[in-house]
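The lines below spell out each chain.
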2 protein chains.
Amino acid sequence: MTPPSPRAGPEGCRRSAIETAAARIRGHVRRTPMLEDEGLNALAGRRILLKCENLQVTGSFKARGGWNSVAALCEEGRPPGILAMSSGNHAQGVARAAAAHGLPCTVVMPTDAPSAKRAATEALGAEIVAYDRASEDRDALAAALADERGLVLIPPFDHPNVIAGQGTTGLEIAEQAAGAGAGAGAEGAEIVVCAGGGGLAAGIALATEGRHRVRTAEPDGFDDMARSLAAGVRVANAEAAGSLCDAVLTPMPGAITFPILARLAGPGLVVTDGEAMHAVRHAFERLRLVVEPGGAVALAAALFRGDLPETVIVTLSGGNVDPALFARAIA
Amino acid sequence: MTPPSPRAGPEGCRRSAIETAAARIRGHVRRTPMLEDEGLNALAGRRILLKCENLQVTGSFKARGGWNSVAALCEEGRPPGILAMSSGNHAQGVARAAAAHGLPCTVVMPTDAPSAKRAATEALGAEIVAYDRASEDRDALAAALADERGLVLIPPFDHPNVIAGQGTTGLEIAEQAAGAGAGAGAEGAEIVVCAGGGGLAAGIALATEGRHRVRTAEPDGFDDMARSLAAGVRVANAEAAGSLCDAVLTPMPGAITFPILARLAGPGLVVTDGEAMHAVRHAFERLRLVVEPGGAVALAAALFRGDLPETVIVTLSGGNVDPALFARAIA
């Protein structure tokens, strides 16, 4: 048994792992729809196909990587419990998978996490261990819990099983783009993916290699992936917080995700918070979808950036948004 | 050529007309997804499958009947233009179909229609003729326009082509309920349908006859369908306005739709405006979907009424909601 570990090598995720993940998650997470809106196309001046991971169970693609990781662990022998560090979408994806496998789940979550995300994670049966960002050491707290309870950590993005799980989104995109239903006729289109640590982007890049090129999208000021891709080495963000796009704020690209994207992705795209909020509003008005700002950065890039081809596929990566923030976006 | 007319007989809509409609609309409107949420099931104490017509083009199922009606007219000879009387979803469905067929479209719309719905209808190329509810006679205005311009009226619900178009929703529901994807294992489940004049409910009832039973859902005080079904004859609402569920406020069931529902539907369900608003909030939080209050009455019935079986399918009929009202629902 190979327990998840942030130290797994970059060779750890291959396309075959994504196919294994697809078989594992089948029937347990949703095959999400691909949508297209004529008015949105007109507004953008290009064809935009939307892969609706905001309609995924738990409200984001994180349910895929969470399920794949927990299921893979259980195939090799049941661990005593699962540990995640997250204030949001990853917490819910892991908590749901652990509960379904009958495993206890502990989530280390900052005290200032949105109350709705905390409540949703608890409703999925996880135990929340809260810590104060200013005065407590999250990693030390997590390590102590893992030791004490024998928990296995599932990292938010930089692990082969997580990347493979998120990559199942790419298998569906490739099928939908080549199929006869919604999304048809988009073979070869670039795929714009909301990027934090790059787990979803790397997974989709591997899953669609040779058929589509991935472009990452990030908020202004937190464009570590775009700068890393330009530099050819991983560089970090200057700040840890300060964007409305909370779901995609990570310190720097992953040690496993970055080499995959350096090989397969085009130049990174960057949008402002204001553009992300406009994209949230367009998704509300034109698509009747709830998308969180961090999950709308790819749509914002497709709407407001010039450096893209005539047809693009974008991920709507998540829809777990505070009602007050959503009301502000659509006002 | 048989132009649409509110005087068409009750024998005018059969199941075969729905199959013809399905062939006409294919590729022009969306096959909408069926979704299910574990948390929503737990909350309701029953299994709820959601047919997401809020994700339909133009934001409601009205795109189906609009397309079928305009396409059917064009098969027999192109009319000089199309006329609709609507402040909302029907206007958009008809306007989109007319524009795609290269036909001018005139919509008679009250001056107090929501500005977003007016703007969306104009964006689809329709000419809006506004009238004052208090001082002008809508029907006389429409008749004068139809005469003057040779326009053909497409009624909002009480016409065989309209019912057949909306009924395509039922063909998809039956396939999805019997299929292997989302919604599987719901053969025989009752289908709760948001009902104004009953076009969608009658169409679904015909399309699923012998496989599912339809139940109508309406807002309190505008329960003309429930009272008509109980009485066995059509009875009218006492009021014309006064509910947040604007999409489903019609004076009384249709002359064509009612006999279909009297034969095929179970007892009508009634919910309060407050319950509809709660359903809007649950759809936001748990499904990341934008639903308008009138499009959420079926979900409200499934959540808050006891008189239903263990598994129900509900229509989320539309998602064209004013941002301020939506913000109020989710606050």
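Residues numbered from 1 in each chain as written. Chains lettered and ligands numbered in written order. Predicted model: local features only at pLDDT ≥ 70, side-chain atom pairs only at ≥ 80, totals over all residues. Heavy atoms only, no water.

Caption draft 1: Layout of the pairing of strand β2 (residues 47–52) of chain B. Residues and elements named next belong to chain B. In terms of burial, β2 is largely enclosed, as five of its six residues are buried. Where strand β1 (residues 34–36) lies against β2, three bridges are found, and the strand directions are antiparallel. Bridge assignment links E36 to a residue of β2, and that residue is L49. Inspection of the sheet shows β2 paired to strand β10 (residues 311–316) by six bridges, in the parallel sense. Following the sheet pairing, L49 is matched in β10 by I313. (Buried < 20%, exposed > 50% of the residue type's maximum accessible area, 1.4 Å probe, protein only. Helix = DSSP H or I, 4+ residues; strand = E, 2+ residues; numbered from the N terminus. Pairing = 2+ DSSP bridges.)

Caption draft 2: Region of interest: the pairing of strand β3 (residues 81–85) of chain B. All names here are of chain B. Among the five residues of β3, five are classified as buried, and the element is accordingly described as predominantly covered. Burial along β3 is two-sided: the residues G81, L83 and M85 and I82 and A84 are all buried. In this sheet, strand β6 (residues 151–153) lies alongside β3 in parallel orientation, the contact comprising three bridges. Within β6, the residue paired with I82 across the bridge is V152. Taken together, the four bridges between β3 and strand β4 (residues 105–110) define a ladder with parallel strand orientation. Looking across to β4, one finds that L83 is bridged to T106. The β-α-β motif built from β3, the intervening helix α4 (residues 89–100) and the parallel element β4 has right-handed crossover chirality. (Right-handed = clockwise from strand over helix to strand, strands pointing away.)

Caption draft 3: Geometry of the interface of chain B and chain A. Each partner contributes to the interface: chain B provides 26 residues, whereas chain A provides 26 residues. Counting each side, the surface lost to burial between chain B and chain A is near 2000 Å², with a carbon and sulfur contribution of 59%. Taken together, chain B and chain A are joined by two salt bridges. Among the salt bridges present, the one from B:R96 reaches A:E38, with a minimum N-O distance of 2.7 Å. (Contact = heavy atoms within 4.5 Å. Buried area = accessible area lost by both parts, 1.4 Å probe. Salt bridge = Lys/Arg side-chain N within 4 Å of Asp/Glu carboxyl O.)

Caption draft 4: Region of interest: the sheet that holds strand β7 (residues 190–194) of chain A. All names here are of chain A. Read from one edge to the other, the open sheet built from six strands follows the order β1-β2-β10-β7-β8-β9, with strand pairing classed as mixed. If you trace the sheet from one side to the other, it starts and ends with β1 (34–36) and β9 (269–271), each paired once. Neighbour to neighbour, the strand axes of the sheet diverge by 30 degrees on average, direction disregarded. (Axes fitted to C-alpha atoms, helices over the stretch in contact; angles between N-to-C directions.)

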